[in-house]
Amino acid sequence: MTHIEPQLLERVNTWLTSTFDQETQNHIKDLIANNTTDLKESFYKNLEFGTGGMRGIMGVGTNRINKYTLGKNTQGLSNYMKTQFPSEPLKVAIAFDCRHNSKSLAKVVADVFSANGIHVYLFEDLRATPELSFALKHLGCHCGIVLTASHNPPEYNGYKVYWQDGGQLVPPEDAEIIAEINRLAYNEIKFEANEDKIEYIGKDVDDVFINESVKNGSFDTPSEARENLNIVFTSLHGTSITAVPETLKRAGYTNVSIVEEQREPNGDFPTVKSPNPEETEALKMAVELANKVNGDIVIGTDPDCDRLGVAVRNLENELVILNGNQTMILMTDFLLKQWKNSNRINGNQFVGSTIVSTPMMSVLTEAYNVECKIGLTGFKWIAKMIKDFPTMDFIGGGEESFGFMVGDFVRDKDAVTSTLLACEIAAQSKANNKTMYESLIDLYIEHGFYKERLVSITKKGIEGAQEIKQMMVDARENPLKEVNGSKVIRVEDYQLSIANDVINETSSKIDIPKSNVLIYYTEDGSKIALRPSGTEPKIKFYISVNTKLDNVSAFKTTEQLLESRIDDILNDMKLN
């Protein structure tokens, strides 16, 4: 037998006791005998909570998603809720996506909650993540869980935790719950279900959620304009098929073509390399269908239906995918216009965004006399803004990674309502003889042309995690002095909570929770951010550049100029 480090062997041996079922023990023995590399990957650490909850590869071990790691989470949550709400009958809601084992793992989670005397509302079948956030509040629950790994590869699954307000866990609850989970031994998990405590939910909640989505996502668009919009939609084998088509129908959109080959939920995502609407390849079939039926807009959602990709016709009448920043700008401006036109802006409104999203958000909101609050990456921070400022009106919020939230009836990114909102923008643009793309160019002319690009570098496994860590250490120890010939004038280090003004040699405190993010600002208005992903084995670089755009005829040459500037920045940073 290959040598196994004593510390690792101790972890492994714990899982070879009677607390764990025979199938799990046999699998581990097989790894010991035949695959010590996988054994080490499976046990070298505990799977951690990141920006999107806990996400990982399914399998045996402490660093994998399985009934024991999720059972331990759920037991810890149960214990914590009992201390926080001692005199209340506790209630939780659970949803799950299309991934392998999601349904069975959701039942395990329900079993553990019920064994702890907690009433469980369990969706009868797969549902969109935003519906869980909605259902939690609608049913008066203390907590909610979604079993999902969003757009990660098929071997992944995950566990997202939502709190009473409908938003994902944030401080201080997150650290307190993690501490409670870490204190537990596996033999303390109560797996024996109390079936009387598990209540299955479905259509009743669907109806209320879809009606609320229509109410929040539709505006004064004439019915003729809605009928005239030619929409192509794909669920990319995910959960959105349960909500998006019906939402569009109830809102009055009758001209909708669905990509049939991708309609069926399937955890293998057989027709795409990755079910990620950020990637052009994922929307390829939808774009092909739109070209056949002369579609005006293409929309695709990720497997758990919290993010959406949008393709619209450009100046040459070709379908192009908007990036997350562009979609967010269009949606935010549209909402701000609606609020302004109905005389609802009085200085008490705000929009939410994130530190790695386009700086154009702040420029745009300022033009409407509306505050743009900026938080860390992840929609839990936008949900926290709503909780922290209860007397202010939340208009909407977005982040560059293709997520948007309309109003606060859902407290997470919501591709159901955002899909409807995108169609409203497209329908009204078309009624005014414009495309969404032309509406975007109008915003660039008015507020400045901002262009962004994301570069992700994947580093898998133990070594990869170490490499990513070292890259961030190197960036801190050797901060950039200039980028592409332009002086760095400001450096923000969110891990140290310090912003350094390089020109005046002064520093100030960043009043945002700590996070492993570095952002550089240069003299020519460029912004470069770098951070390790909280959900994937990647380090991400976010580049933003901008310039003035005088008119539509200058759009193409100005866009090329900005693209070249980004290329030069990437070359200078040796990221190409």
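Quick note: structure is the one above.
Residues numbered from 1 in each chain as written. Predicted model: local features only at pLDDT ≥ 70, side-chain atom pairs only at ≥ 80, totals over all residues. Heavy atoms only, no water.

### Things to note about the overall build of the protein chain
Point 1. When helices and strands are counted, the protein chain shows 18 helices and 24 strands.
Point 2. Relative to the 2.2 N^0.38 estimate, which gives 25 Å for 576 residues, the radius of gyration of the protein chain is 24 Å and therefore close to what a compact globule would have.
Point 3. Buried residues in the protein chain amount to 57% of all 576 residues.
Point 4. Taking as baseline every contact in the protein chain between residues at least 6 positions apart, the subset at least 24 positions apart corresponds to 69%.
Point 5. For the protein chain, the accessible surface area stands at approximately 23,600 Å², while carbon and sulfur atoms represent 47% of it.
Point 6. Charge-centre separation for the protein chain: the mean point of 60 positive side chains lies 2 Å from the mean point of 81 negative side chains. (Helix = DSSP H or I, 4+ residues; strand = E, 2+ residues; numbered from the N terminus. Rg over C-alpha atoms; globule rule 2.2 N^0.38 Å. Buried < 20%, exposed > 50% of the residue type's maximum accessible area, 1.4 Å probe, protein only. Contact = heavy atoms within 4.5 Å. Areas by Shrake-Rupley, 256 points an atom, 1.4 Å probe, with all protein chains shown as cover. Lys, Arg positive; Asp, Glu negative; His and termini not counted. Charge placed at Lys NZ, Arg CZ, Asp CG, Glu CD.)

### Let's talk about the sheet that holds strand β16 (residues 403-406)
Point 1. Judged by pairing direction, the sheet is mixed, and its four strands sit side by side in the order β14-β13-β15-β16 without closing on themselves. The open sheet has two edge strands with one neighbour each: β14 (371-375) and β16. Across the sheet, the mean angle from the axis of one strand to that of its neighbour is 20°, orientation sign disregarded.
Point 2. Pairing analysis gives four bridges linking strand β15 (residues 393-399) to β16, with the strands arranged antiparallel. What sits directly across from E399, in β16, is G403.
Point 3. The sheet strands contacting helix α13 (residues 360-367) are β13 (349-354) and β14, and the helix crosses β14 at an angle near 155°. (Pairing = 2+ DSSP bridges. Axes fitted to C-alpha atoms, helices over the stretch in contact; angles between N-to-C directions.)

### Notes on helix α18 (residues 555-572)
Point 1. The end-to-end C-alpha separation of α18 is 26 Å, in line with the 26 Å expected for 18 residues at 1.5 Å each.
Point 2. Residues F555, T558, E559, L562, R565, I566, I569 and L570 constitute the buried set of α18. Seen from one end, α18 has its buried residues packed into an arc of 140°, which puts them on one side.
Point 3. Against α16 (436-447), β17 (449-458), β18 (482-483), β23 (527-532) and β24 (538-547) lie the buried residues of α18. (Expected span 1.5 Å × (residues − 1). Arc of directions from axis to C-beta.)

### Structural notes on the nonpolar core
Point 1. Ranked by size, the top nonpolar core spans 85 residues in total, and within it Y253, I297 and L421 carry the most contacts.
Point 2. The element best represented in this core is helix α15 (residues 415-431), accounting for nine residues. (Core = buried A, V, L, I, M, F, W, Y, C linked by side-chain atoms within 4.5 Å.)

### Topic: the side chain of N216
Point 1. Of note, N216 is situated in helix α8 (residues 203-217).
Point 2. Assessed through its relative accessible area of 19%, N216 is described here as buried.
Point 3. With near-sequence residues (within four places) excluded, N216 lies in contact with V406, F409 and T417.

### Quick word on unusual backbone geometry
Point 1. With an omega of 0°, the peptide bond between P171 and P172 qualifies as cis.
Point 2. By the secondary structure assignment, P172 is in the loop between β6 (156-163) and α7 (173-183).
Point 3. Despite not being glycine, F402 has its phi angle at roughly 70°, a positive value.
Point 4. You will see that N484, though not glycine, has its phi angle at about 55°, which is positive.
Point 5. Relative to the elements of secondary structure, N484 occurs in the loop between β18 and β19 (486-493).
Point 6. Note on N484: relative accessible area 29%, which makes it partly exposed.

### A few points about the sheet that holds strand β12 (residues 319-322)
Point 1. Taken together, the five strands give an open sheet; going across it, the order is β9-β8-β10-β11-β12, and neighbouring strands pair in mixed fashion. Only two strands of the sheet have a single partner each, and these edge strands are β9 (256-258) and β12. Taken over all neighbouring pairs, the strand axes of this sheet differ in orientation by 25° on average, direction set aside.
Point 2. Here five bridges tie strand β10 (residues 297-301) to strand β11 (residues 308-313), and the two strands are oriented antiparallel to one another.

### Some points on a nonpolar patch on the surface
Point 1. Nonpolar side chains collect at one region of the surface, where L315, I445 and V552 lie side by side and expose about 190 Å² of accessible area between them.
Point 2. Tracing the backbone shows I445 in helix α16.
Point 3. Judged by its relative accessible area of 30%, I445 falls in the partly exposed class. (Patch = residues over 30% accessible without salt bridge, like charges linked within 9 Å, V, L, I, M, F, W, Y side chains within 5 Å. Salt bridge = Lys/Arg side-chain N within 4 Å of Asp/Glu carboxyl O.)

### Looking at the packing of helix α12 (residues 324-341) against α16
Point 1. Running from amino to carboxyl end, α12 crosses α16 at an angle of 80°, the nearest separation of the two axes being 10 Å. Our classification of the angle between α12 and α16 gives roughly perpendicular. Side by side, α12 and α16 meet where Q326, I329, L330 and D333 of the first sit next to M436, S439, L440, L443 and Y444 of the second. (Parallel < 35°, antiparallel > 145°, perpendicular 65-115°, else oblique.)

### Quick look at the pairing of strand β3 (residues 91-96)
Point 1. Of all six residues in β3, five are buried; the element is thus mostly enclosed.
Point 2. Bridge count for β3 against strand β4 (residues 119-123) is four bridges, and the pairing is parallel. In the sheet register, V92 faces β4, and the bridge partner there is V120.
Point 3. Where β3 lies against strand β5 (residues 143-147), five bridges are found, and the strand directions are parallel. The residue bridging I94 from the neighbouring strand is I145, located in β5.

### Quick word on the pattern of salt bridges
Point 1. Under the criterion given, the structure shown has 35 salt bridges.
Point 2. The closest approach of N and O atoms between R263 and E260, which form a salt bridge, is 2.9 Å.
Point 3. Under the relative-accessibility criterion, R263 is labelled partly exposed at 30%.
Point 4. The residue R307 makes a salt bridge to D302 at a minimum N-O spacing of 3.3 Å.

### Observations concerning the packing of aromatic side chains
Point 1. Across all of its chains, the model carries 18 aromatic pairs by this definition.
Point 2. Centroid distance F449 to F555: 5.3 Å. Interplanar angle 15°. Geometry classified as stacked. With F449 in strand β17 and F555 in helix α18, this residue pair connects regions lying 106 residues apart in the sequence.
Point 3. Given the relative accessible area of 0%, F449 is considered buried.
Point 4. The ring of W339 carries R344 above its face, with NZ or CZ at 4.1 Å from the centroid.
Point 5. Over the ring of F350 we find K373; its NZ or CZ atom is 5.4 Å from the centre of that ring. (Phe/Tyr/Trp six-rings, centres within 6.5 Å; stacked < 30°, edge-to-face > 60°. Lys NZ or Arg CZ within 6 Å of the ring centre and 35° of its normal.)

### Thoughts on the environment of L364
Point 1. Take L364: it is sitting in helix α13.
Point 2. Separated by 106 residues in sequence, L364 and Q470 place their C-alpha atoms 37 Å apart.

### Digging into the packing of helix α4 (residues 67-84) against α7
Point 1. Interhelical geometry of α4 versus α7 gives an angle of 115° and a closest axis separation of 8 Å. The interaxial crossing formed by α4 with α7 has right-handed handedness. Contacts between α4 and α7 involve K72, N73, G76, L77, N79 and Y80 from the first element and E173, E176, I177, E180 and I181 from the second.
Point 2. Each residue belonging to the contact of α4 with α7 can be placed in one class, and the counts come to four nonpolar, three polar and four charged. (Left-handed = near helix turned anticlockwise from the far one by under 90°. Nonpolar A, V, L, I, M, F, W, Y, C, P; charged D, E, K, R; others polar.)

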